[in-house]
Number of protein chains: 2
Amino acid sequence: MERIQTLLRNHDIRPSYTRMAIYRYLDEHREHPTVEAIYDALSATLPTLSKTTIYNTLNLFVRHHLVKEIDLQDHKRYDIVRTPHAHFKCDVCDTLYDIDITPPIAPKHADISDVRDAQLVYHGTCKRCRQAV
Amino acid sequence: MERIQTLLRNHDIRPSYTRMAIYRYLDEHREHPTVEAIYDALSATLPTLSKTTIYNTLNLFVRHHLVKEIDLQDHKRYDIVRTPHAHFKCDVCDTLYDIDITPPIAPKHADISDVRDAQLVYHGTCKRCRQAV
DNA sequence: CCTGTAAAATGTAATGATTACAAAAATATA
DNA sequence: TATATTTTTGTAATCATTACATTTTACAGG
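Residues numbered from 1 in each chain as written. Chains lettered and ligands numbered in written order. Predicted model: local features only at pLDDT ≥ 70, side-chain atom pairs only at ≥ 80, totals over all residues. Heavy atoms only, no water.

Engineer: What exactly am I supposed to notice about the protein's contact with DNA strand C here?
Structural biologist: Residues in contact with DNA strand C amount to 16 residues; listed here are only the nearest, Ser16(A), Arg19(A), Thr48(A), Thr53(A) and Tyr55(B). Taking all atoms of DNA strand C within 4 Å of the protein, the share assigned to sugar and phosphate is 81%. Contacts to DNA strand C include Ser50(A), whose backbone N or O atom sits 3.3 Å from a phosphate oxygen. Take Tyr55(B): an N or O atom from its side chain is 2.7 Å from a phosphate oxygen of DNA strand C. Counting only elements with at least two residues in the surface near DNA strand C, the list comes to helix 2 (17–28) and helix 4 (51–63) of chain A together with helix 4 (51–63) of chain B. For the surface near DNA strand C, the per-class residue count stands at 2 nonpolar, 10 polar and 4 charged. (Near = heavy atom within 4 Å. Polar contact = N/O pair within 3.5 Å; in protein donor to acceptor, adjacent residues only side chain to side chain. Helix = DSSP H or I, 4+ residues; strand = E, 2+ residues; numbered from the N terminus. Nonpolar A, V, L, I, M, F, W, Y, C, P; charged D, E, K, R; others polar.)

Engineer: I keep staring at the relation of the copies chain A and chain B and nothing clicks. Help me out?
Structural biologist: Expressed as a screw operation, the relation of chain A to chain B combines 0.0 Å of axial shift with a rotation of 180°, fitting to an RMSD of 0.0 Å. Here the copies are linked by what is in effect a two-fold axis. Residue Leu120(A), judged by its C-alpha, is the member of chain A lying nearest the rotation axis, at 2.2 Å. In this assembly, 100% of the residues forming the interface of chain A have copies in chain B that are likewise at the interface, indicating an isologous arrangement. (Least-squares fit on C-alpha atoms with pLDDT ≥ 70 in both. Contact = heavy atoms within 4.5 Å.)

Engineer: Honestly, the pairing of strand 4 (residues 96–99) of chain B in this entry has me stumped. Any pointers?
Structural biologist: On a regular strand, each side chain points to the face opposite its neighbour's, so the side chains alternate between the two faces of the sheet. Residues and elements named next belong to chain B. Summarising the sheet, strand 3 (residues 86–90) and strand 4 pair through 4 bridges and their orientation is antiparallel. Bridging across to strand 4, Lys-89 finds its partner in Leu-96. Between strand 3 and the antiparallel strand that follows it, strand 4, lie 5 residues; Asp-94 among them carries a positive phi value of about 70°. (Pairing = 2+ DSSP bridges.)

Engineer: Could you clarify how one ought to interpret helix 4 of chain A in this entry?
Structural biologist: In an α-helix, one full turn covers 3.6 residues, which means residues spaced three or four apart are oriented alike. All names here are of chain A. Taking 1.5 Å of rise per residue, the 13 residues of helix 4 would be expected to cover 18 Å, and the 18 Å separating its terminal C-alpha atoms lies within 8% of that figure. For helix 4, the set of buried residues is Ile-54, Thr-57, Leu-58, Leu-60 and Phe-61. Along the axis of helix 4, the buried positions cluster into a sector of 155°, meaning they face one direction only. Away from its buried face by more than 90 degrees, helix 4 exposes Thr-52 and Arg-63. Directly after helix 4, the chain includes His-65, whose backbone phi takes a positive value near 60°. (Expected span 1.5 Å × (residues − 1). Buried < 20%, exposed > 50% of the residue type's maximum accessible area, 1.4 Å probe, protein only. Arc of directions from axis to C-beta.)

Engineer: Is there a simple way to explain the protein's contact with DNA strand D in this structure?
Structural biologist: Neighbouring DNA strand D are 16 residues, the closest being Tyr55(A), Ser16(B), Arg19(B), Thr48(B) and Thr53(B). Those atoms of DNA strand D that come within 4 Å of the protein belong to sugar or phosphate at a rate of 80%. In this structure, a phosphate oxygen belonging to DNA strand D sits 2.7 Å away from a side-chain N or O atom of Thr48(B). Mapped by element, the contributors of at least two residues to the surface near DNA strand D are helix 4 of chain A together with helix 2 (17–28) and helix 4 of chain B.

Engineer: What is the right way to look at the sheet that holds strand 3 (residues 86–90) of chain A in this model?
Structural biologist: Where strands meet in a sheet, backbone hydrogen bonds hold them as pairs that are either parallel or antiparallel. Here we have 6 strands laid out as an open sheet, ordered 4(A)-3(A)-5(A)-5(B)-3(B)-4(B), and mixed in their pairing. In this open sheet, the two edge strands, each paired with only one partner strand, are strand 4 (96–99) of chain A together with strand 4 of chain B. Pairwise comparison of adjacent strand axes, ignoring direction, gives a mean angle of 30° for this sheet. Pairing between strand 3 of chain B and strand 5 (residues 112–126) of chain B: 4 bridges, direction parallel. Paired with Lys89(B) across the two strands is His123(B), which belongs to strand 5 of chain B. (Axes fitted to C-alpha atoms, helices over the stretch in contact; angles between N-to-C directions.)

Engineer: Whenever I open this one, the pairing of strand 5 (residues 112–126) of chain A confuses me. Can you help?
Structural biologist: The buried fraction of strand 5 of chain A is high, at 11 of 15 residues. Where strand 5 of chain A lies against strand 5 of chain B, 13 bridges are found, and the strand directions are antiparallel. Bridged to Leu120(A) within strand 5 of chain B is Leu120(B).

Engineer: Help me understand the packing of aromatic side chains, please; the structure alone is not making it clear to me.
Structural biologist: The description of an aromatic ring pair uses the distance of the two centres, along with the angle that the planes make with each other. Across all of its chains, the model carries 4 aromatic pairs over all chains by this definition. Judged by centre distance (6.0 Å) and plane angle (80°), the ring pair of Tyr23(B) and Phe61(B) falls under edge-to-face. In this pair, Tyr23(B) is assigned in helix 2 and Phe61(B) in helix 4, connecting sequence segments 38 residues apart. Taken individually, Tyr23(B) and Phe61(B) each receive the classification buried, so the pair is uniform in this respect. When the ring centre of Tyr39(A) is taken as reference, the NZ or CZ atom of Lys51(A) above it lies at 5.4 Å. (Phe/Tyr/Trp six-rings, centres within 6.5 Å; stacked < 30°, edge-to-face > 60°. Lys NZ or Arg CZ within 6 Å of the ring centre and 35° of its normal.)

Engineer: Looking at this structure, I do not really get the nonpolar core. What am I missing?
Structural biologist: A general trend in soluble globular proteins is that nonpolar side chains are found buried together. Counting 24 residues, the largest nonpolar core has Phe88(A), Tyr122(A), Phe88(B) and Tyr122(B) as the members making the most contacts within it. Where this core is concerned, the elements lending two or more residues are strand 3, strand 4 and strand 5 of chain A together with strand 3, strand 4 and strand 5 of chain B. (Core = buried A, V, L, I, M, F, W, Y, C linked by side-chain atoms within 4.5 Å.)

Okay, here's the thing in structure tokens:
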């Protein structure tokens, strides 16, 4: 908790209790939760928590490069910023798996001035769903 | 137009006039248009065209692997299926550029049974927007 | 301790893309 | 031509996200 407090401060974010709780949840739940999932989980201990706060806080984290937003067909998912990796989304059960591969560096391109981030998402069917047929 | 008709037939899609028009638009406009853009462009010549039809048709094309859906923060974009490539999205002007790089093959992974597709999207600022500051 | 001010959190309403659904139009079939 | 099927359409519903105004909390200075 000390660690999270320092981390937020280092990123120019005042470490309120709610913010630390949201960050900690993301840190301890690496399954790329949706806002809904975070809300359901934290409401138990923070009964007055509102979804708006979660949206605000996550957007704040994203702006300050603490968290990455993963854009899928339906909801947005959120992931702690850590070593570069890719994702595999099972289009049957919607689970998002981590894949241990570093996205390639973007090649030189006439229109590109500055690349900040790379998202690599594979789509398909996971083992569990394949066997369930 | 003959070509498109055959293409649709080869993918088990009956080549109605509307469907061919939508496919042709995507084929001739590689800037990854949104549904809105397609609607605005085709309404001129197909005055009764409805957005629902565009949604239906694009989803049909995606199911039959004629078109790829690109998931960004806001709207979905659509792209003709062609040789594998990546995208660069300028987060200032929202333009989506093609990048001539093949996404890497997914490595072996305990949870993956079958990979159908890979989406590689870079984020940053494009030259035009960088200079506009 | 108070008190005032800024920041954070909240609740409700609005937005806007996408889908559901049922009806109308077009097309194929017999 | 009549009928069945497919395609298209329009409207209404859904649902994630944001806007906005208000309330609550934290905090500095007296």
